[in-house]
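Chain by chain, the residues run as shown.
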Amino acid sequence: MWDAVARILTDKQAGSVLVFVFICVVMLSIFAKLGIISIKTEHLKIGQASDNEREIVKRQLAFIEGAINMFESKIPRYDGYNEWRAKTVLALIFKECVSWVLFNHIKDTPMYVGLKQTMIWNIILSNCPNELHRSDEFKELVFKHIEESIKDLIRIRKEFK
């Protein structure tokens, strides 16, 4: 094998072949960056294919932020309601939802949705001492909102793919 490599590299035309291959790789990279061509495989995305994925993630994150703000308006208020604690819990929920989008494995199967609902509910239970936020009505509100949000995230991905 090394004899073949040595023979190729000492050949008179090897230098011009290497320069040609290098120029082709550089041109391919420039065309991909300009958006003239795009390459999308299972493990590699070059050009517009990666820009499209970035746009989908941006739209999903913007949706999550809006959905959490909308959910904040649905939280029942009571005497002694701590708005800063609520914002902290919502920030933790946002962080969890961002990981869903970034890992890009969102599904609408009952098991997946149930798992995500349970994860968010555990965040709420561990950070909200008030019994009003532990009630079955509030749990139903949270679960319904999470299920709708997951379906909307999937819809966004399908729409912009």
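Residues numbered from 1 in each chain as written. Predicted model: local features only at pLDDT ≥ 70, side-chain atom pairs only at ≥ 80, totals over all residues. Heavy atoms only, no water.

Draft legend 1. Region of the structure containing the nonpolar core. Counting 27 residues, the largest nonpolar core has Ile93, Trp100, Ile106, Ile120, Ile124, Val142 and Ile150 as its most contacted members. When residues of this core are traced back to their parent elements, those giving at least two are helix H3 (48-74), helix H4 (83-103), helix H5 (110-127) and helix H6 (136-160). For this core, the leading source of residues is H4, giving 7 residues. (Core = buried A, V, L, I, M, F, W, Y, C linked by side-chain atoms within 4.5 Å. Buried < 20%, exposed > 50% of the residue type's maximum accessible area, 1.4 Å probe, protein only. Helix = DSSP H or I, 4+ residues; strand = E, 2+ residues; numbered from the N terminus.)

Draft legend 2. Molecular detail of H5. If you check H5, its first and last C-alpha atoms are 26 Å apart, about what 18 residues at 1.5 Å a residue would give, namely 26 Å. Inspection of H5 places Tyr112, Val113, Lys116, Gln117, Ile120, Trp121, Ile123 and Ile124 among the buried residues, and these make up the whole buried set. Seen along its axis, H5 keeps its buried residues to an arc of 165 degrees; they face one direction. Residues of H5 that are exposed and angled more than 90 degrees away from the buried face: Pro110, Met111 and Ser126. Along its buried surface, H5 packs onto H4 and H6. (Expected span 1.5 Å × (residues − 1). Arc of directions from axis to C-beta. Contact = heavy atoms within 4.5 Å.)

Draft legend 3. Main features of the side chain of His145. Residue placement: His145 occurs in helix H6. At a separation of 3.1 Å, a polar atom in the side chain of His145 contacts the main-chain carbonyl oxygen of Ala67. Apart from the residues lying within four places of it in its own chain, the contact partners of His145 are Ala67, Met70, Phe71 and Lys74. (Polar contact = N/O pair within 3.5 Å; in protein donor to acceptor, adjacent residues only side chain to side chain.)

Draft legend 4. Structural view of the packing of H4 against H5. Closest axis-to-axis distance for the H4/H5 pair is 10 Å, and the angle between their directions is 155 degrees. The angle between H4 and H5 falls in the class roughly antiparallel. Relative to H5, the crossing made by H4 is right-handed. Seen from H4, the contacting residues are Arg85, Val89, Leu92, Ile93, Glu96, Cys97 and Trp100; seen from H5, they are Tyr112, Lys116, Met119, Ile120, Ile123, Ile124 and Asn127. Looking at the contact of H4 with H5, its residues break down into 10 nonpolar, 1 polar and 3 charged. (Axes fitted to C-alpha atoms, helices over the stretch in contact; angles between N-to-C directions. Parallel < 35°, antiparallel > 145°, perpendicular 65-115°, else oblique. Left-handed = near helix turned anticlockwise from the far one by under 90°. Nonpolar A, V, L, I, M, F, W, Y, C, P; charged D, E, K, R; others polar.)

Draft legend 5. Up close: the pattern of salt bridges. Across all of its chains, the model carries 6 salt bridges by this definition. We note a salt bridge from Arg59 to Glu55, for which the minimum N-O separation is 3.2 Å. Of the two residues, Arg59 and Glu55 both sit in helix H3, 4 residues apart, roughly one turn of that helix. What makes Arg59 partly exposed here is its relative accessible area of 36%. Accessibility expressed as a relative area gives 32% for Glu55, which makes it partly exposed. Salt bridges here are not isolated pairs; linked through shared partners, they connect Glu72, Glu83 and Lys87. (Salt bridge = Lys/Arg side-chain N within 4 Å of Asp/Glu carboxyl O.)

Draft legend 6. Just the packing of H5 against H6, in detail. Packing of H5 against H6 leaves a shortest axis separation of 9 Å and a crossing angle of 130 degrees. When the interaxial angle is binned, H5 and H6 end up oblique. Here H5 runs over H6; the crossing is right-handed. In contact with Tyr112, Val113, Lys116, Gln117, Thr118, Ile120, Trp121 and Ile124 of H5, H6 contributes Phe138, Lys139, Val142, Phe143, Ile146, Glu147 and Ile150. Classifying every residue of the contact of H5 with H6 by side-chain character gives 10 nonpolar, 2 polar and 3 charged.

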